[in-house]
Structure formats: C-alpha cells, structure tokens
Amino acid sequence: MAATSYTGTAKVLHWTILVLLIAQFIFAWTMPHIGRNTPVTTLISLHFTFGIIILAVAIVRLIWRATHGEPAPADGVPLWQTVTARILHWLLYLLLFVVPILGWMDASRRGMPVVMFGLELPKLLATRAPGWGWTGDVHGLLANYAMLGLVGLHVLMALYHYFVRRDGVMQRMMPGR
Ligand code: HEM
Ligand code: HEM
C-alpha cells in the first residue's frame, strides 16, 4: 500500500528548516545594515553560518525527497490542488537554494569572510567583482517577499486543510502516524 504520510526523516528535516529560518530572519532583521566596509559583527556572522546550515539541510532534504518520494495524495483532494501544492513545494525548494547562494555570492563580492566552525569557505565571486552588485538586493527581496509570501500561502493552505477540509493533509507532516 502507498504511504499516507511523509517519512520520519522528511518530517524532521521539514521542521528543522522552519526553526532555522525563524532564527535566520531574526538575525537578518536585527543585524546592522551591510554597506561598504561594514565589519562582520557577531549577528552578521551568525546570519552567514545559519544560512549555510540551511543550504546544507536543504541539500540533504532534496536528496531524501528524490530517493523517497512523497506520500500518495490524500483521499478526496481535487487534482488541481495536488498540482498547485506540488508547484508551490518545488518553488519553496528552489528558494531554499537560490536565496542562500545569492547571499553567499554577495558576501564574497563584498570581501566578507564566510566562516563555518572556524573554517573559511571558498569565495563564490571575486571581491568587488564588477556587475554583481544586484546579488545582495535580489537576495534580500527574494527572502523578504518571495520566501515569506510563499511560506505564508503554504501555512494558510495547511490550516485550510486542517480546519476547513479536515482531510488529514496536515497530519502527513506531523509527528506520529
Ligand atoms: C535561507 C537562508 C537566508 C535567508 C532567509 C536570508 C535572509 C536575508 C534577508 C531577509 C536579508 C535582508 C535584511 C534586510 O531586510 O535588510 C539578508 C541580507 C543579507 N544576507 Fe541573507 N539570508 C540567507 C542566507 C544568507 C547566506 C548563506 C549569506 C552569506 C553566506 C547571506 C548574506 C547576506 C548578506 C551579505 C546580506 C546583505 C545584503 C545587502 O543588503 O547587500 N545570507 N538576508
Ligand atoms: C508553520 C509552518 C509550516 C506548516 C504548518 C507546514 C505544513 C506542511 C504540510 C502539512 C506539508 C505536507 C503537504 C502535503 O502532504 O502535501 C508540508 C510540506 C512541505 N513544506 Fe511545509 N509547513 C510549514 C513551513 C514550511 C517552510 C518554512 C518551508 C520551506 C521554506 C516548507 C516547505 C515545505 C515543502 C517543500 C513541502 C513538500 C515536501 C516534499 O514533498 O518533499 N514548509 N508542509
């Protein structure tokens, strides 16, 4: 019989990303504005470290998803909802890669070291590489608008399934079962 729920590992990875993202947005909104010659203070370096951890967890999650698939659609959910949910899920996966990579490119371009547990990661762009100034702006816009907007829609849909349709879709990502 096809699975009716995500695997325990998929659930842990899903909720880990939520917790990491909450911390990441708190750092993003409270860290000093990053301009020319801004020193890498604690909050900024935490933003870099958490961003790279999110990217790493997203890679593990995508590999898990590619090798384990998703549960069969819940009974009675119309096809258009299954299809739009799938598109939304893939857009969220895409953002979990594009947003941190753009941030990393911008940090490299600004000559800011990205350090993970004492080890400096390679630069994705040369310091002050001409023509790449947009990476920081697009990074912030995608995180603040696209990611938060789509996650908001995703949560609304989950609540709609839980409270209005009561069809068990929310339970597919909950502990147990
Ligand atoms: C999913 C992961 C990430 C999220 C959600 C995120 C979110 C954000 C947000 C919302 C801002 C704008 C802050 C504001 O409103 O002023 C920002 C700025 C920034 N982030 Fe991230 N970030 C992530 C990962 C990273 C990573 C991995 C790096 C670098 C290694 C990074 C480097 C930066 C830099 C340099 C800025 C300043 C951009 C500029 O104004 O030019 N971020 N981030
Ligand atoms: C309170 C916040 C959240 C709730 C209540 C929630 C709820 C859910 C539920 C119920 C599912 C299963 C949907 C189904 O069976 O079709 C799901 C899947 C998913 N969620 Fe969330 N979620 C939340 C936050 C997030 C965040 C922050 C992200 C990433 C940015 C995210 C990305 C995904 C993805 C990509 C899937 C599809 C998993 C796959 O097929 O591999 N979710 N979520």
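Scroll up for the structure.
Counting of residues starts from 1 at the beginning of each chain's written sequence and follows it residue by residue. Each chain gets a letter, beginning with A, and each ligand a number, beginning with 1, in the order they are written. Side-chain atom pairs in this predicted model are given and counted only at pLDDT of 80 or more, local residue features only at pLDDT of at least 70, and totals for whole chains, interfaces and linings cover all residues. Computation of side-chain values covers all heavy atoms of the structure but excludes hydrogens and water.

## Some points on the nonpolar core
Piece 1. If you look at the biggest cluster of nonpolar residues, it comprises 26 residues, and the most contacted ones within it are Leu21, Leu96, Val114 and Met147.
Piece 2. Every element with two or more residues in this core is listed here: helix H1 (8-30), helix H2 (42-68), helix H3 (79-109) and helix H4 (134-165).
Piece 3. A run of H or I in DSSP becomes a helix once it reaches four residues, and a run of E becomes a strand once it reaches two; helices and strands are each numbered from the N terminus. Of the residues forming this core, the biggest block, 7 residues, is contributed by H2.
Piece 4. Leaving out residues up to four positions away in the same chain, Leu96 has contacts with Ile17, Leu21, Ile54, Leu55, Ala58, Arg61 and Met147. Remark: nonpolar core denotes a set of buried residues (Ala, Val, Leu, Ile, Met, Phe, Trp, Tyr, Cys) joined through side-chain atoms within 4.5 Å. The cut-offs for exposure are 20% and 50% of the maximum accessible area for each residue type, with area from a 1.4 Å probe on protein chains only; residues under the lower value are buried, those over the upper are exposed, and the others partly exposed. Should any heavy atoms of two residues lie within 4.5 Å, those residues are counted as being in contact.

## Looking at the packing of H1 against H4
Piece 1. In the contact formed by H1 and H4, the axes pass within 13 Å of each other and the chain directions differ by 140°. In this structure, the crossing between H1 and H4 has a hand that is left-handed. Of the residues in H4, those in contact with His14, Leu21, Phe25 and Trp29 of H1 are Ala143, Asn144, Met147, Leu148 and His154.
Piece 2. Residue classes follow a fixed rule: Ala, Val, Leu, Ile, Met, Phe, Trp, Tyr, Cys and Pro count as nonpolar, while Asp, Glu, Lys and Arg count as charged, and any other residue, Gly among them, counts as polar. A class-by-class count of the residues in the contact of H1 with H4 yields 6 nonpolar, 3 polar and no charged. Working convention: axes come from line fits to C-alpha atoms, limited for helices to the stretch in contact. Angles between N-to-C directions cover 0 to 180 degrees. Left-handed describes a crossing whose near helix is turned anticlockwise from the far helix by less than a right angle; the clockwise case is right-handed.

## A closer look at the coordination of the iron atom of ligand 1
Piece 1. Note that water is not among the atoms considered, so a metal site may appear incomplete; the donors listed are N, O and S atoms within 2.8 Å of the metal, with 3.2 Å applied to Na, K and Ca. Looking at the iron atom of ligand 1, the protein donor atoms are His47 (NE2) and His139 (NE2), and they sit 1.9 to 2.0 Å from it.
Piece 2. Seen from the iron atom of ligand 1, its 6 donor atoms lie at angles of 87 to 179°, and the figure they make is octahedral. Taken as a pair, His47 in helix H2 and His139 in helix H4 lie far apart in primary sequence, 92 residues in all. The pair formed by His47 and His139 is uniform in burial state, with each residue classed as buried. Donor angles set the geometry label: tetrahedral for four donors if every angle is between 85 and 135 degrees, square planar for four and octahedral for six if opposite donors exceed 155 degrees and the others are between 65 and 115, irregular for anything else.

## Points about the site of ligand 1
Piece 1. Taken together, 24 residues surround ligand 1, and among them His47, Asp106, Arg110, His139 and Asn144 come closest.
Piece 2. One nitrogen or oxygen atom from the side chain of Arg110 is found 2.6 Å from an oxygen atom belonging to ligand 1.
Piece 3. Side-chain polar atom of His139 to a nitrogen atom of ligand 1: 2.7 Å apart, as the coordinates give it.
Piece 4. Those elements giving two or more residues to the shell around ligand 1 turn out to be H1, H2, H3 and H4. Any residue with a heavy atom positioned within 4 Å of a molecule or strand is treated as near that molecule or strand. Polar contacts here mean pairs of N or O atoms no more than 3.5 Å apart (in protein, one a potential hydrogen donor and the other a potential acceptor; neighbouring residues in sequence count only if both atoms are side-chain atoms).

## A short note on the pattern of salt bridges
Piece 1. Every case where a carboxyl oxygen of Asp or Glu lies within 4 Å of a side-chain nitrogen of Lys or Arg is listed as a salt bridge. Applying the stated criterion across every chain yields a total of 5 salt bridges.
Piece 2. A salt bridge links Arg109 to Asp106; the shortest N-O distance between them is 3.0 Å. Placement of the pair is Arg109 and Asp106 together in helix H3, with a separation of 3 residues, close to one helical turn.
Piece 3. Given the relative accessible area of 17%, Arg109 is considered buried.
Piece 4. Among the ionic pairs, Arg110 bridges to Asp106, the shortest N-O distance being 2.9 Å.
Piece 5. When its relative accessible area of 31% is taken as the criterion, Arg110 is described as partly exposed.
Piece 6. Among the charged side chains, a salt-bridge network with shared partners connects Arg65, Glu70 and Arg86.

## Considerations on the packing of aromatic side chains
Piece 1. Aromatic rings from Phe, Tyr and Trp, taking only the six-membered ring of Trp, are treated as a pair when their centres fall within 6.5 Å; an angle between ring planes under 30 degrees marks them as stacked, one over 60 as edge-to-face, and anything in between as tilted. Applying the stated criterion across every chain yields a total of 5 aromatic pairs.
Piece 2. Centroid distance Phe27 to Phe50: 5.0 Å. Interplanar angle 70°. Geometry classified as edge-to-face. Taken as a pair, Phe27 in helix H1 and Phe50 in helix H2 lie far apart in primary sequence, 23 residues in all.
Piece 3. For Phe50, a relative accessible area of 21% puts it in the partly exposed group.
Piece 4. When the centroid spacing of 5.6 Å and the interplanar angle of 35° are considered together, the rings of Trp132 and Trp134 count as tilted.
Piece 5. A relative accessible area of 40% means that Trp134 is categorised as partly exposed.

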